[in-house]
Amino acid sequence: FFTNQLSTVMATGVGLVEGLEDIEAQTKKAGMRRVIGGLRRDIESGQSLSAAMAGHPKAFNDLYVNIVKAGEATGNMDRALADLAIQLEWQEDVNGRIKEAMTYPILVMVMLTALMVVLVGFTIPRFITVYERLNAQLVLPLPTRMVMAASLFVRFRSRQQHTFAEKVLSAMRLGFGGHVEPPKK
């Protein structure tokens, strides 16, 4: 917004101070309005536009200031600002696309994490008790035993009263087909 308007001001030949006053009046964001007012005051006190912008590093990065400085040196400020506006719009578009592209994988990871917490914390432990009640001699397939062992390991690990060795032994017993009972308190 600001760069496009400043480019238009420079192209039309309106005085820089007067143009900055107009842009300041049209700017809705209070922070940017303060920056533009500061630029106007610095220019009124005799600074160049690039020097005034350099005094506001949060609003104008080094690239921005140097392009303005090059425009001042060549006398093609309107062209330099128009090119800068195109560059800034492109950067904003790329940043938006990156954020858009990252939203889905992050959402998938959050949902998978929530699913794992529910499975390991609630669902699998209930299946373990069901299998133990049905038939203690039942030998489940290895992948099932491994998932159940991992669930027990994670659940036991979260409880402070159990030692690490008890957790590992319980997980190993379940993983190798043995009947698992939680460690005695």
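Residues numbered from 1 in each chain as written. Predicted model: local features only at pLDDT ≥ 70, side-chain atom pairs only at ≥ 80, totals over all residues. Heavy atoms only, no water.

### A word on the overall build of the protein chain
Then, in step 1: Of regular secondary structure, the protein chain possesses eight helices and zero strands.
Then, in step 2: Along its sequence from the N terminus, the protein chain presents helices and strands in the succession α-α-α-α-α-α-α-α.
Then, in step 3: Buried residues in the protein chain amount to 28% of all 185 residues.
Then, in step 4: Contacts in the protein chain between residues far apart in sequence, at least 24 positions, make up 42% of those at least 6 positions apart. (Helix = DSSP H or I, 4+ residues; strand = E, 2+ residues; numbered from the N terminus. Buried < 20%, exposed > 50% of the residue type's maximum accessible area, 1.4 Å probe, protein only. Contact = heavy atoms within 4.5 Å.)

### Considering the environment of Ala25
Then, in step 1: If you trace the backbone, Ala25 turns up in helix α2 (residues 16-26).
Then, in step 2: What makes Ala25 exposed here is its relative accessible area of 66%.
Then, in step 3: C-alpha of Ala25 to C-alpha of Gly37: the two residues are twelve residues apart in sequence and 9.5 Å apart in space.

### Quick look at the pattern of salt bridges
Then, in step 1: Summed over the entire model, instances satisfying the criterion amount to four salt bridges.
Then, in step 2: Arg97 is the partner of Asp93 in a salt bridge, and the nearest nitrogen-oxygen pair spans 3.3 Å. You can see Asp93 and its partner Arg97 sitting in helix α6 (residues 77-134), four residues apart, about one turn around the helix.
Then, in step 3: Salt bridges sharing partners connect three or more residues here, namely Glu24, Arg40 and Glu44. (Salt bridge = Lys/Arg side-chain N within 4 Å of Asp/Glu carboxyl O.)

### What about a nonpolar patch on the surface?
Then, in step 1: Together, Ile98, Met102, Ile106, Leu107, Val110 and Met111 make up a nonpolar patch on the protein surface, roughly 590 Å² of accessible area in all.
Then, in step 2: Among the structural elements, Ile98 can be located in helix α6. (Patch = residues over 30% accessible without salt bridge, like charges linked within 9 Å, V, L, I, M, F, W, Y side chains within 5 Å. Areas by Shrake-Rupley, 256 points an atom, 1.4 Å probe, with all protein chains shown as cover.)

### Overview of the packing of α2 against helix α3 (residues 30-44)
Then, in step 1: With their axes 9 Å apart at the nearest point, α2 and α3 run at an angle of 165° to one another. Relative to α3, the element α2 is oriented roughly antiparallel. For the element pair α2 and α3, the recorded crossing hand is left-handed. Within the contact between the two elements, α2 uses Leu16, Val17, Leu20, Glu21, Ile23 and Glu24 and α3 uses Arg33, Ile36, Gly37, Leu39, Arg40, Ile43 and Glu44.
Then, in step 2: Residues that form the contact of α2 with α3 fall into these classes: seven nonpolar, one polar and five charged. (Axes fitted to C-alpha atoms, helices over the stretch in contact; angles between N-to-C directions. Parallel < 35°, antiparallel > 145°, perpendicular 65-115°, else oblique. Left-handed = near helix turned anticlockwise from the far one by under 90°. Nonpolar A, V, L, I, M, F, W, Y, C, P; charged D, E, K, R; others polar.)

### Re the packing of aromatic side chains
Then, in step 1: Counted by the stated rule, this structure contains two aromatic pairs.
Then, in step 2: Taking 5.7 Å as the distance between ring centres and 50° as the angle between the ring planes, the aromatic pair formed by Phe2 and Phe60 counts as tilted. Here Phe60 lies in the loop between α4 (49-54) and α5 (62-74) and Phe2 lies in helix α1 (residues 2-12), a separation of 58 residues in the sequence. Here Phe2 and Phe60 have matching classes, each one buried. (Phe/Tyr/Trp six-rings, centres within 6.5 Å; stacked < 30°, edge-to-face > 60°.)

### Side note on the packing of α1 against α6
Then, in step 1: Where α1 contacts α6, the two axes come as close as 8 Å, and the packing angle between them is 165°. The orientation of α1 with respect to α6, classified from their angle, is roughly antiparallel. Here the hand of the crossing between α1 and α6 comes out left-handed. Where α1 abuts α6, its residues Thr3, Asn4, Leu6, Ser7, Met10 and Ala11 lie against Met77, Asp78, Leu81, Ala82, Leu84, Ala85, Leu88 and Glu89.
Then, in step 2: Its residues placed into classes, the contact of α1 with α6 shows nine nonpolar, three polar and two charged.

### Thoughts on the nonpolar core
Then, in step 1: Of all hydrophobic cores here, the largest spans 19 residues; its most connected members are Phe2, Leu6, Met53 and Phe60.
Then, in step 2: Every element with two or more residues in this core is listed here: α1, α2, α3, α4, α5 and α6.
Then, in step 3: The element contributing the most residues to this core is α3, with four residues.
Then, in step 4: Within the second largest apolar cluster, five residues are counted, among which are Ile124, Leu140, Met148 and Leu152. (Core = buried A, V, L, I, M, F, W, Y, C linked by side-chain atoms within 4.5 Å.)

Without other data, these values stay purely geometric and don't point to any function.
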